[in-house]
Amino acid sequence: GAVVSQHPSWVICKSGTSVKIECRSLDFQATTMFWYRQFPKQSLMLMATSNEGSKATYEQGVEKDKFLINHASLTLSTLTVTSAHPEDSSFYICSARGDGQFIPLHFGNGTRLTVT
Amino acid sequence: AQKVTQAQTEISVVEKEDVTLDCVYETRDTTYYLFWYKQPPSGELVFLIRRNSFDEQNEISGRYSWNFQKSTSSFNFTITASQVVDSAVYFCALSEAIDMRFGAGTRLTVKP
């Protein structure tokens, strides 16, 4: 079945540094990728939607300059948390959808980010 | 705007009990999809089921069953003869077009 790989699975960084998270579709071309954030004991909140080759669409309240999303190829999307702060500590999870596919969306295993 | 409500924040049962997780949704679209996912402590999302708005047939998969009622906008999930390994957070989700929106989740604890 379709697999989405997310890397790294966990990362610890210092406040003020930037962190890049990768989301790869391994056996299909992901025309659309989604980035979610999940705070402890809360639901998954959609941060942004990205289509290959175009700018990401951010949800209301999500700072696009802080959470940079690049979807330069059909198999890779990256989320960069710039100038990370402790309040950015969260579980970030991506999902991917191929052209012509609709459901289910395939999810990565998530990245746990801790900013110290 | 689409919305998913999982009113049960936490449920605790004893092994072998049956348990039903509720999900109520709101949408203006006639075409939409509903999902259930399981999130164990390790964090990954495990796909359980998908239903489209035109298919109200209930489904059973082993100990799992789902009851889709358009009249009440509900898509409830029942685990029969629960097991300790069923302990997890369960999310109901709704998709109208491209993206997917999740409910708040229900944390299920199954005690031995």
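Cut-offs applied
- Residues numbered from 1 in each chain as written.
- Chains lettered and ligands numbered in written order.
- Predicted model: local features only at pLDDT ≥ 70, side-chain atom pairs only at ≥ 80, totals over all residues.
- Heavy atoms only, no water.
- Pairing = 2+ DSSP bridges.
- Helix = DSSP H or I, 4+ residues; strand = E, 2+ residues; numbered from the N terminus.
- Axes fitted to C-alpha atoms, helices over the stretch in contact; angles between N-to-C directions.
- Disulfide = S-S within 2.5 Å.
- Buried < 20%, exposed > 50% of the residue type's maximum accessible area, 1.4 Å probe, protein only.
- Contact = heavy atoms within 4.5 Å.
- Buried area = accessible area lost by both parts, 1.4 Å probe.
- Salt bridge = Lys/Arg side-chain N within 4 Å of Asp/Glu carboxyl O.
- Polar contact = N/O pair within 3.5 Å; in protein donor to acceptor, adjacent residues only side chain to side chain.

## Some thoughts on the sheet that holds strand S1 (residues 4-7) of chain A
Residues and elements named next belong to chain A.
Here is step 1 of the chain: If you walk across this open sheet you meet the 4 strands as S1-S3-S8-S7, and the pairing is antiparallel. Because the sheet does not close on itself, it has two edges, and the strands there are S1 and strand S7 (67-73). The mean angle between the axes of side-by-side strands here comes to 15 degrees, regardless of whether they run parallel or antiparallel.

## Structural notes on the pairing of S7(A)
All names here are of chain A.
Here is step 1 of the chain: With 5 bridges connecting them, S7 and strand S8 (residues 76-81) associate as antiparallel partners. What sits directly across from Asn70, in S8, is Thr78.
Here is step 2 of the chain: Between S7 and S8, which pair antiparallel in sequence order, lie 2 residues.

## Re the state of the cysteines
Here is step 1 of the chain: Enumeration over the complete set of coordinates arrives at 2 disulfides over all chains.
Here is step 2 of the chain: Residue A:Cys23 pairs covalently with A:Cys94 via a disulfide, S to S 2.0 Å. One disulfide, between A:Cys23 and A:Cys94, carries an S-S torsion of 80 degrees and so falls in the right-handed class. Linking A:Cys23 in strand S3 (residues 19-25) with A:Cys94 in strand S9 (residues 90-98), this pair joins segments that are 71 residues apart in sequence. In this structure, A:Cys23 and A:Cys94 share a single accessibility class: buried.
Here is step 3 of the chain: One disulfide in the model links B:Cys23 with B:Cys92; its S-S distance is 1.9 Å. Around the S-S axis, the bridge from B:Cys23 to B:Cys92 shows a dihedral of about -65 degrees and counts as left-handed. Of the two residues, B:Cys23 is situated in the loop between strand S3 (19-21) and strand S4 (24-26) and B:Cys92 in strand S10 (residues 88-95); the sequence distance between them amounts to 69 residues. For the residue pair B:Cys23 and B:Cys92, the accessibility class agrees, reading buried in each case.
Here is step 4 of the chain: Cysteine A:Cys13 is unpaired, with the sulfur of A:Cys94 as its nearest cysteine sulfur at 18 Å.

## Notes on the interface of chain B and chain A
Here is step 1 of the chain: Taken together, the 20 residues of chain B in the interface contact 19 residues of chain A.
Here is step 2 of the chain: For the pair chain B and chain A, the two sides together bury roughly 1,600 Å², of which 64% comes from carbon and sulfur.
Here is step 3 of the chain: Counting the contacts that link chain B with chain A gives 1 salt bridge.
Here is step 4 of the chain: Linking chain B with chain A are 4 residue pairs in polar contact (both at pLDDT 80 or more).

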